[in-house]
Amino acid sequence: MPAQDWKALCAARKQRQLEQIPKEWTITPPSADQRNVLEIPRSCGLLTARELEITDTVNIDVLLDKLHTGQWSSVEVTTAFYKRAIVAQQLTNCLTEIFIERALARAKEVDDHLKTQGQPIGPLHGLPISLKDQFCIKGLETIMGYAGWIGKVAERDSVLVEVLYECGAVPFVRTNVPQTLMWGETYNHVFGRTTNPFNRYMTPGGSSGGEGALVALHGSPLGVGTDIGGSVRIPSAFCGLYGLRPSYERLPYCNAVNSQIGQESILSVLGAMTNSMEGVKAFTKAIIDAKPWRKDPLSVRKEWSDREYALGDHGDGGTMCFAIMWDNSVIKPHPPIVRAMEITKRALEVAGHTVIDWENHRNLEIYTNGESIFAADDAADLLHDCELSGEPLIQTMSPDTDAHEYALDEPVARTIVGERRHLSAYELWQLHREKRELRKSHLDHWEATASKTGTGRPVDAIISPVAGYAACPHGCNSDCFYTAFCNFLDYTSLVFPVTFADKELDKTAPPHAFYNHEDEAVYKLYNPELWHGLPVGLQLIGRTQEEEGVIAMTEVVDKALKAFKQANGTKV
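Calculation rules
Residues numbered from 1 in each chain as written. Predicted model: local features only at pLDDT ≥ 70, side-chain atom pairs only at ≥ 80, totals over all residues. Heavy atoms only, no water. Helix = DSSP H or I, 4+ residues; strand = E, 2+ residues; numbered from the N terminus. Buried < 20%, exposed > 50% of the residue type's maximum accessible area, 1.4 Å probe, protein only. Contact = heavy atoms within 4.5 Å. Areas by Shrake-Rupley, 256 points an atom, 1.4 Å probe, with all protein chains shown as cover. Lys, Arg positive; Asp, Glu negative; His and termini not counted. Charge placed at Lys NZ, Arg CZ, Asp CG, Glu CD. Polar contact = N/O pair within 3.5 Å; in protein donor to acceptor, adjacent residues only side chain to side chain. Axes fitted to C-alpha atoms, helices over the stretch in contact; angles between N-to-C directions. Parallel < 35°, antiparallel > 145°, perpendicular 65-115°, else oblique. Nonpolar A, V, L, I, M, F, W, Y, C, P; charged D, E, K, R; others polar.

## A closer look at the overall build of the protein chain
Along its length, the protein chain carries 21 helices and 13 strands. With 572 residues in all, the protein chain has 61% of them scored as buried. Residue pairs at least 24 apart in sequence account for 80% of intrachain contacts in the protein chain once pairs closer than 6 positions are excluded. Accessible surface computed for the protein chain: about 21,300 Å², of which carbon and sulfur atoms make up 51%. Each charge class in the protein chain can be summarised by its mean position, and for the 56 positive and 74 negative side chains these summaries are 3 Å apart.

## Some points on the environment of Val37
Tracing the backbone shows Val37 in the loop between α1 (3-19) and α2 (40-43). According to the relative accessible area criterion, Val37 is buried, its value standing at 0%. In sequence terms Val37 and Gly225 are 188 residues apart; their C-alpha atoms lie 23 Å from each other. With residues near it in sequence (within four places) discarded, Val37 still touches Pro30, Leu91, Thr92, Pro197, Arg200 and Leu217.

## Quick word on the side chain of Arg250
Among the secondary structure elements, Arg250 is positioned in the loop between β7 (242-245) and β8 (269-274). Owing to a relative accessible area of 1%, Arg250 belongs among the buried residues under this scheme. There is a polar contact of 2.8 Å between the side chain of Arg250 and the side chain of Glu548.

## Section: the packing of helix α4 (residues 60-68) against helix α10 (residues 277-289)
Where α4 meets α10, the closest approach of the two axes is 7 Å, and the angle between their N-to-C directions is 60 degrees. With respect to α10, the element α4 is oriented oblique. Each of Ile60, Asp61 and Leu64 in α4 lies in contact with α10, whose residues at this interface are Glu278, Gly279 and Ala282.

## Structural notes on the packing of helix α16 (residues 425-447) against helix α18 (residues 481-489)
Viewed as axis vectors pointing N to C, α16 and α18 meet at an angle of 105 degrees, and their least axial separation amounts to 10 Å. By the criterion of interaxial angle, the relationship of α16 to α18 is roughly perpendicular. From α16, Lys435, Leu438, Arg439 and His442 reach across to α18, where they touch Phe485, Phe488 and Leu489. Residues belonging to the contact of α16 with α18 are distributed by class as follows: 4 nonpolar, 1 polar and 2 charged.

Right under this line is the structure:
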């Protein structure tokens, strides 16, 4: 297809999206130089006081209670969040599919059920849920950032959508992704670039960046992202949210679209992104309780464990030992991230827990192995989908104009792979074999920490950065090993917000002995003025298939942080 044809195709599809926005829901956009747009949904005048009350209700359990008891109708709640989602779209360009009539018809259906049957459909009754542009909904396009996928209408629902319907939920929008999905930022030729509502000069992360921006603006009470290298956790951290990366196949991925389908050594997973820990638990438990293994042949047949959620493997919730990964031997984190780890350490110690330093184990080998698996087809899968329309494979997330200066020619992730070439099946099998050996070695290393914890158990969980920085300028999110570490080893992990970058508290650190050229570039990138006010999150890392325990341990950390900040002030 000639270049002008794919460009015209993208322009026409973007225009159709604009036409789906009701004129009465448009707002006067802020000037391009207004970076923080968090307050505009409240000040723009579009939402009524009641709609603001609904959409500002952060605790999902409160929302669900009002929906289950009929205090708020699903039509009312879905309308409120839809209006706010459309505002969020006008501020950050976070949406792809907009299907208002269909969503409201579903909301009326669940309301009618409650009226006639006297009970909710299921645990997520009436709750509007946003979905990353991978989860197929029958009759709607699933474009996933490719011009060549425009007009690709789903003939059936993904299993997740089927389960959400059974649980009573109302899927109501889908959200933006980068072309290929294999970026920690969010830009494609079809829908354009998504920005961070805390500072639109910065990226919301990726590849679930549309979800990150939308949920941060309270345009959705709960979104579903996917994560193969950090794509739930990076946007969650960059946008001040909670976000779960479960283990391989714990939650149903069947009939969702993806990049690199057939690559089954490092699997993409789906997880909740939300403004409350209650939301993470409610969603995860509802999906597991629906027995997804009856619809998805790969979904692990493991019911929700109340014993694990009660921390039966972690001293029944008594004194626990957490280990902090101050850096990953690849990138040293910026000062706001270091301060967040120091705050978390102090909060946990005040709450009666033990905190020790995590000792890294074979990290560069793990990184090299995982990136080599990702690169094994020499981008054949990605190029094939670009060739459908003739659009070029995007090589950088930097804007064409006014790009932020970043002194990095090639990230470590590419350097360590070496010469790019299409590996043979046998060569790929050797990488898979090495990955298994590395997972066993790291498991043994974790188990050996029992001699250092004082609890008689190994370290209960690791606490680490999500990236070397809080949300960074567009085009500068070059490294994802803090998160991909968990994907490569299949460790369940959950992001939680800690604090905000502060130019007075987070001065530039003196230079250190750099691990590599990218570590030096990341160090030079930091500017306390630029990062001021951005959210800073960390991740809690647990074991494989330990979703219940990781959720419960993150609740412990979250409670300790809130108590510590209440006692010592928010700036600590």
